[in-house]
Structures are given as structure tokens and as C-alpha cells.
Amino acid sequence: MDSRGELAARLDACQKCNVCTAQCPVAKVNPNFMGPKGLGPDMERFRRGQIILGETTLDDCSNCKTCELTCPSGVKITEMILEARRAVSKAPHKNTLGLKLRLRGYVLGRAEYLGKLGVIWPTMTNQVLKIKLVRLALDKALAISKSGPLPAYRKPLEVRVDKGGKIRASVSQQVVYFPGCYTRYNEADTGRIMIKVLEHVGFKTIVPDFHCCGLPLEANGQFEKAEKNGLYNLELMRPYLEAGIPIITSCTSCGLTLKEDYPKLPTTSAQHVGAQTYDLFEFLWQLYEKGELPLDFQEVKTSYGYHPPCHLKAQGIGIPALRILGLIPGVKIRNLDAGCCGLSGSYGFKAEKYDKAMKIGSTLFEAINVGAGRGDFQAMTTECGVCKVQIQHGTGLPTEHPVLILAKAYRLY
Amino acid sequence: MWDAVVVGGGLAGWIAGIRAAQRGKKVLLVTEGVGTLFYFSGIFDYGDVECLRHFPKHPYTLFDAQAIVQGQHFVQEICPDYVLNDTPQFAFTVLGTVRQGDLMPRSMALPDQQEQGEFVLLVPEGLKDFFPEIVVDNMAREFPGWQVSVKRMQVDALAEWTRLGKNVSSVDCANIWRSEEGQRALAHEIEEIKRQYSEAVRLQGKVFVVLPSLVREYFDSSRTKSFRAEFSLPVLEMSSFVPSPHGRYFAEYLKHIFTDLGGELMIGARAVSINEEPTSESQAKVCQELIVNSMGKSLRLKGKNFILATGGLLGGGIKVGMARQSICEGVFDLPLFVPKEWSEPQFFAPQPFALIGVETDQFMRPLDPASGQVVWDNVYVVGRMLAHWDPWTQRCGGGVSVTSGYAAAELV
């Protein structure tokens, strides 16, 4: 039995070394934030004594999970903070947020409904969101920053399931794709290319009508709804999971949620979801190692800067995208690894957090600007949709999902 | 298939990873957290190499003198700010006392005690765990012929912290000193000191500004520093409390050198076990795959060679159960040398448990202490995991880690 794992689950594993706080992107820019050690393991002792802090304090955590990755003792710091937020949201005495911020949590947590609304008439939504007065109204009414880089909406990604939901006999050649709200409603073209790539490498791709993975809900304090979404999605996945069909994600935050949170949900299909969920490139790398990845690449003569999203790091799978792109002739990639972009889901959209988010991202922006200025690369690439939005907002450099580079090499795009 | 999979992201692991990548190998470095370099003072201790090389079974006995020098040159090659002198070098600790070191950044090395001059300790307001009165006393004691004074400074970027009465760590300070704005503020402050001490500068010509953090732009981990403020007086950096800015930025710097050379970092993944290739009884085993716990599933990492750099007791590479009923190495379950006596009553005496670790052949391959046979043919043990040395009383932690990491990279 793994004694370290048991220890880590316990509070006492924290040795108070403060490395997590030294690495925390939020603590660096926000003196009011007591940092992961303070808010996680330190305050946990008070919480055990039933002293419940206000949610606004807990709410400063951006949920990027850098502290968990950093910890030399494997303490689940972000998890502790999330648990505390969950406890506050259930607390009888409403030591919680005012109506405005609760309403904002409701709106920002529902990336999916926003998406569904946004894509009814994307051009109109986008035009409306560009009107300064509208953004000012959102800022005043819902404390959604008027400067935040709200992504544009486009025609949504189509659902693709076989009639009757039957699974074909040759199950090994099918995958289920979990696109996530950003790909589905804001960047469906990338999703379509993703499917083309999966089909090119020999996999029939099924896209059930999933709900939002639940991460934005959780990050905005909507814990019950997050769990409901998880259970709903697991139910949709059940037949595929039971047939051993892999679930592919292209959004690193959805991927992390499926791998980290879903296995804890109270349903039988939760047992399989962790082991059967793959980041797209993690999946492709596995094919490559088995000698099953088609290598019919054409040369792609472009240089990119690469930003590893925090939630990719948290998956503990390294950077499989760079391994795959490294196989394509001509592609040059510089891994910047210059820290969190600052947006962290919907964190940077919040009025009181916008400036902090931009400050957090400044190290990354600087690295991008200097690298691009020196001519090391002409564009950026990163798996995460909101990192992409923030990078474009902070630097103006075009940014795309790495699958587009692969699609170019396969002549699919 | 990787040419080398390095397990562990401390000093030995990074050195091994960087050198192997530099030699054109495909290298993956797997680490659970950020590694112990965050507690590194910035100074490498080699200890009394000649003496230790004659200590029975000490890791230095695995290497010739040339290999040890090669490691030192490698550190200088990746960070040219490290200087190596024939005479011993000294630096200020965070308490203002003086400690010896073998390889340290130029900006930490102290001037000659025999000379005369003046130290001005420049302290940012609100610096955590830093007590200028004690530091100044110690500095004056260490440098009897020197004048020592304190100057406090307000840092604009930290105004909000000061207003809240909140302390600032030396890592936060280093972060500010490394920004363009911070460099300008510091240059301005130092210019002010120069004016104030113009008499002393004129008379003695030796006024040093001492700062309790990392100041200079070496370890430029973002590789973006297009500016460099010129300070009008020489600046000396002290070491810091942990987590230390020298350690943090050095770790980041090594990471970027490694990834720029094409190495891949897999953080947040814990190595748990291995799969071996079947071999006949008498032969050493060949490791094929390392199994790591990623989020949600286990990954199998195929490699030709494996470098074990998971640290010792403190780093988490060696696990000790309750009442020492089990003592084991956590990845390969390698046989360990465990001294008969665990500890000595005198706290500062050499402690037997410090010697715990893996015994190896001259190529750093693990041995079975009972039979003396090599256990794994393609596994190399480096750094703190090696048996028969004590970093605390022998003061050779940096030396053993750099030398063994470098040497292992030459073997893969």
C-alpha cells in the first residue's frame, strides 16, 4: 500500500515549506490573498474547528492547481480549497457572496448555456458583446470586467451519434470526442478539424450531446450543478466506457476534470473514466508508440512558441503535443513554459480580478513578445481555449490549437 | 522509446537530463513536485574532495579527479556567472555570518577580509524573517576592519503589501528586482547611496551594497531580459531563507535549458514501479518501462536507460515506515545499505542514517550488497540516493550531485 498517498490525503503531510506560495501566480500579484499554504492546509485546521471563512477569501484562488504540482509532499492543496468553498456554499448562515456576485457565478459558471444562447445568432451576439455600453452594463450589473477578452461565438459543433446509439462491432476503431464548451460554441472549426484528424488516423469519431464538464461551475461555486453535469455526462459515456472505447478531449481543463473529478462521482461508470480518458495528443502518442500513427506528413515550415496550460501540467502526462509535432518535418517549436496565462477559466473575466489576471500573465506575455520580436516564432500554439484567448488579448499574436499544425501536415487543413 | 528517462527533478536529475540532452539524447524527466532545488542557497559545496576520495565507499571514490572537475566546468558552462577559484570563496548567509563555498555566483563572493571598506546593507521594507540589526552585528564581527550600516528602502511595487502590514518573501523581492521597474528603482537607490557615501568612496574606494536576495539577471529563466541596469556601486547578494530565490530561479533556469535542448519535463507524475525484460538468472536485469501515476491512469514510459535521482530520506526517494520496520527505495525497490546504528545522540555529530542509500558499481549501477552483483544493467543511481556519504558534515552535497549526474549522462 502506498503510504505516501495516504499521508498526502492527510493534512499533516504539509511541512510548511512555503514553496507552493512562492510559486502561486495569484499570491504574486494579490497581497490580500493569503496564498495556497495559508488558505489550504493552514486554514484547514480552523475549518476542522468549524470556523468557516467568507467565500470571497476562498474565491481569490484561481483553481490553476500550480500549488498541487509544486508541492514536494503531494498535498492536495487546491482540492482542500475547493472543499472549503463547497462547505461555505452549503453553510446555513450565509457567510457568502452578495447577490450580484452570486448571479455572476451563475452566469460565468454556465459556459454551456451562454454558448447555447450565443450560437443561436452568433454574429449578433458577437456584435452586441463588442458594444462598449453592453460591456459597461455587464461590468456594473454582474461585475464582469469590461476589458476581459470574452471569446466570440460561432456556429456550434455538430453532435455525431449513430442512430439508436448502437456501438459497432469493430469497437477498437471508434473514439468518443468530448469537445468541451469552448470548442463546441466558440471554436467549432477546430473541433471539426480534430474529428478529421481522428478519422484520418483511422478512428470513427462519436460526439454525443454532452453537457459542460462542470469545471466552470465548480470554479464559480456551483458545486451541485457541477456534479449533476458530471453524472449526466457519465451516463452518456456509459455504453462506450463499457465497450472499452477511449474518450478523447482537446481542452486540457475538460480533460483534467474527466480524469480527476469524474472518477469520484457516485456512479459505476466513474470507475473507467479516468483510465479511458485521453488528451488528443496523449492518444496519438500511444498510437505512434504502437506503430499505428500514419506518418504521411507534408513539410510545415513554421515556427511556433508553445504555452503549456496549467491544467495540462496537472494531468501529469508531460507534453505529448510537442512529441507529435516534433515528428513533422519543418515545424519548429519553442516551449516557453513561462507560467500561468492568468485567465484561468473565467477568473480573468471578473471585474475585480481582470488586472490581477493580466499581471499574472505578464511574465508569459513578456516571453512571447521578446521571442516573437527576436524572430524565434511568428505564432503561438496552446491546447487550452481560454489560454489562447488571453494570449491573443495580452500579446496580439495569432494563437491556435496544436491540432491545426498536425492537420496541416496531414493536408486536412 | 526514450534514450534516457530521468526520475527526479533535483540538482542531480537536472544535471543528468541537461547533459544527456546536450549529447543529443531523447530525454524525459519525470518529477512529482518542483524538487528540492527550491531550498538551494545558490552555492555548491564540494567538501574536501581529496580527503573524501579516500573515504571507503564514498561516492567520490567512483570518479577520478578529472570527472569531478568536468562537472564543475559544466556548471560554469551552463551558468557563466559561477566562478571557480583556487583559493576558498566566502559568502554572507542570511544572518550576516560568513560561510565558505566552492562554486558560487560572482555576485555572492565576498571581498578579502584583510582589506578595508564599507558595507551598506540595503533592506526592502517588510522583508520576511529578516532582522537587519542582527545581520549588521554579525557582518561587523566577521569583517572587523569594515564599516557596516543599514539603509532601508520602500519598494513602490510592494506598497500595497506594506499598507496591509504584510511581509514579503525574498522570492517576491527577487521577482521585483528582476523586472525592469525593479532594476530601475534599485539603480536609483544605489546611486543615492553612492552620493551619501561619496566621502568613503573617495577615501577607500570600496563600498559594497549588500542585498538579502537574488538581484542580478543570471538565471534568466524567462530568457527575456533585454535590459540590464548598471549599478553605480558593486552589489553583493546574500543567501536567503527557504524557499530561496537563488534556488527557485536556478531550478527554472535549468528547466529552460533542458527543454530548449529538446528535453521533455513531465511534472505531477509519480514514478511507482518498473517492468523488466526477462533475462537469465545470472545476468543483471534490464529495465524496459517505468510506470508512473498520471491523473486518472498509469503511464508506461519505455526507455533504453533510466537515471534514478529521487533523492534520499528528505527528498522522498527513500521511505521509512513507522518504527523503521520498513526502509525502502520507492521506484525500483533497490536493495539499500542501512547502517546498523540509526543515530548518534550528539545532534551535530555525523549521523549514521545519513549514509543510507544504494551501493553501486563504478558505473553507478545498483549493487546487491549481499552478493555484490549488479542488479540492473541499464539503471544509474545519482545524487542523494547514493550510499555512504553525509552532505551535512562532509559538506559535499552539490559536488556529489553534479558529479554523479554528469557522469551518468555520459554513460547513457
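Residues numbered from 1 in each chain as written. Chains lettered and ligands numbered in written order. Predicted model: local features only at pLDDT ≥ 70, side-chain atom pairs only at ≥ 80, totals over all residues. Heavy atoms only, no water.

**Q** What's the story with the nonpolar core in this structure? I'm lost.
**A** Note that soluble globular proteins tend to have their nonpolar side chains buried in a common cluster. Residue and element names in this part refer to chain B. Of all hydrophobic cores here, the largest spans 93 residues; its most connected members are Phe44, Phe250, Leu290 and Phe332. The leading source of residues in this core is helix α1 (residues 11-22), at eight residues. Not counting chain neighbours up to four residues away, the residues in contact with phenylalanine 44 comprise Leu11, Val75, Tyr82, Gly101, Asp102, Leu103, Phe250, Gly398 and Val402. Residues Trp161, Val168, Ile176 and Val215 belong to the second largest nonpolar core, which totals 43 residues. (Core = buried A, V, L, I, M, F, W, Y, C linked by side-chain atoms within 4.5 Å. Buried < 20%, exposed > 50% of the residue type's maximum accessible area, 1.4 Å probe, protein only. Helix = DSSP H or I, 4+ residues; strand = E, 2+ residues; numbered from the N terminus. Contact = heavy atoms within 4.5 Å.)

**Q** Help me out: how do you make sense of helix α13 (residues 188-200) of chain A in this one?
**A** For the α-helix, the turn length of 3.6 residues means that residues three or four positions removed from each other point alike. All names here are of chain A. With 13 residues, α13 should reach 18 Å at 1.5 Å per residue; the first-to-last C-alpha distance of 18 Å fits that figure. Those residues of α13 not exposed but buried are Ala188, Thr190, Gly191, Ile193, Met194, Ile195, Val197 and Leu198. Glycine 202 occupies a position one or two residues after α13 and carries a positive phi of about 105°. (Expected span 1.5 Å × (residues − 1).)

**Q** Please clarify how the domain arrangement of chain B should be interpreted in this entry.
**A** How large an interface is tends to be reported as the accessible area lost when its parts come together. Residue and element names in this part refer to chain B. Parsing chain B into structural domains produces domain 1 (2-81 + 249-411) and domain 2 (109-237). For the pair domain 1 and domain 2, the two sides together bury roughly 830 Å², of which 67% comes from carbon and sulfur. For domain 1, the biggest contributors to the area lost against domain 2 are Tyr249, Tyr253 and His256; these three give 64% of the whole. Of the residues belonging to the side of domain 1 that touches domain 2, the class tally is four nonpolar, one polar and three charged. (Domains from an automatic or database assignment. Buried area = accessible area lost by both parts, 1.4 Å probe. Nonpolar A, V, L, I, M, F, W, Y, C, P; charged D, E, K, R; others polar.)

**Q** Please clarify how the sheet that holds strand β8 (residues 399-400) of chain A should be interpreted in this entry.
**A** All names here are of chain A. Taken in spatial order, the four strands of this open sheet run β6-β5-β7-β8, and their pairing is parallel. For this open sheet the edge positions go to β6 (332-335) and β8, each flanked by a neighbour on one side alone. Here strand β5 (residues 303-306) pairs with strand β7 (residues 379-381) via three bridges, running parallel. The residue bridging tyrosine 304 from the neighbouring strand is alanine 379, located in β7. (Pairing = 2+ DSSP bridges.)

**Q** Where do I start with the interface of chain B and chain A in this structure?
**A** Counting from both sides, the interface comprises 41 residues of chain B and, opposite them, 47 residues of chain A. With both sides pooled, the region where chain B packs onto chain A buries about 3700 Å², and carbon together with sulfur makes up 50% of that total. Remark: the boundary between chain B and chain A carries four salt bridges. Taken together, the links from chain B to chain A amount to 14 residue pairs in polar contact (both at pLDDT 80 or more). Contributing elements (two or more residues each) for the side of chain B that touches chain A: α5 (159-163), α6 (170-177), α9 (245-260), β11 (264-267) and β14 (298-308) of chain B. Top element by residues in the side of chain B that touches chain A is α9 of chain B. It accounts for six residues. The residue inventory of the side of chain B that touches chain A, partitioned by class, reads 16 nonpolar, ten polar and 15 charged. (Salt bridge = Lys/Arg side-chain N within 4 Å of Asp/Glu carboxyl O. Polar contact = N/O pair within 3.5 Å; in protein donor to acceptor, adjacent residues only side chain to side chain.)

**Q** Is there a simple way to explain the pattern of salt bridges in this structure?
**A** Once the charged atoms of two side chains with opposite charge are near each other, the side chains can pair. Going through the model one piece at a time under the given rule, you end up with 45 salt bridges over all chains. Its salt-bridge partner being aspartate 337 of chain A, residue lysine 255 of chain B comes within 3.2 Å of it at the nearest N-O pair. Of this pair, lysine 255 of chain B sits in helix α9 while aspartate 337 of chain A sits in the loop between β6 and α21 (354-373), which puts the two residues in different chains. What makes lysine 255 of chain B buried here is its relative accessible area of 9%.

**Q** How should I be thinking about a nonpolar patch on the surface in this particular structure?
**A** All names here are of chain A. A grouping of Leu117, Ile120, Trp121, Met124, Val128, Ile131, Leu133 and Leu136 is seen on the molecular surface, where their side chains present a nonpolar patch of about 820 Å² in accessible area. Where the nonpolar patch is concerned, the elements lending two or more residues are α10 (122-130) and α11 (132-142). If you trace the backbone, leucine 133 turns up in helix α11. (Patch = residues over 30% accessible without salt bridge, like charges linked within 9 Å, V, L, I, M, F, W, Y side chains within 5 Å. Areas by Shrake-Rupley, 256 points an atom, 1.4 Å probe, with all protein chains shown as cover.)

**Q** Explain the packing of aromatic side chains here, please?
**A** Between two aromatic rings, the relevant description is the distance of the centres plus the angle of the planes. Under the counting rule described, the total for this entry stands at 28 aromatic pairs over all chains. Aromatic side chains phenylalanine 203 of chain A and phenylalanine 283 of chain A sit 5.1 Å apart centroid to centroid with 75° between the ring planes, which places their arrangement in the edge-to-face category. In this pair, phenylalanine 203 of chain A is assigned in the loop between α13 and β2 (204-206) and phenylalanine 283 of chain A in helix α18 (residues 280-289), connecting sequence segments 80 residues apart. One exposure class covers both phenylalanine 203 of chain A and phenylalanine 283 of chain A, and it is buried. Grouped by ring-pair contacts, the aromatic residues Phe40, Phe44, Tyr82, Tyr218, Phe219, Phe250 and Tyr253 of chain B constitute a single cluster. (Phe/Tyr/Trp six-rings, centres within 6.5 Å; stacked < 30°, edge-to-face > 60°.)

**Q** Just to check I follow, could you spell out the domain arrangement of chain A for this structure?
**A** Residues and elements named next belong to chain A. Entries for chain A in the domain assignment read domain 1 (3-94) and domain 2 (297-409). Once you take the C-alpha centre of each, domain 1 and domain 2 turn out to be 28 Å apart. Between domain 1 and domain 2, roughly 1100 Å² of surface is buried when both sides are summed, and carbon and sulfur atoms account for 60% of that area. Considering only the surface of domain 1 that becomes buried against domain 2, Val29, Ser62 and Leu69 emerge as the three largest contributors, covering 41% of it. If you look at where domain 1 meets domain 2, you find one salt bridge. Residues aspartate 59 and lysine 353 are paired through a salt bridge, measuring 3.0 Å at the closest nitrogen-oxygen approach. Linking domain 1 to domain 2 there are four residue pairs in polar contact (both at pLDDT 80 or more).

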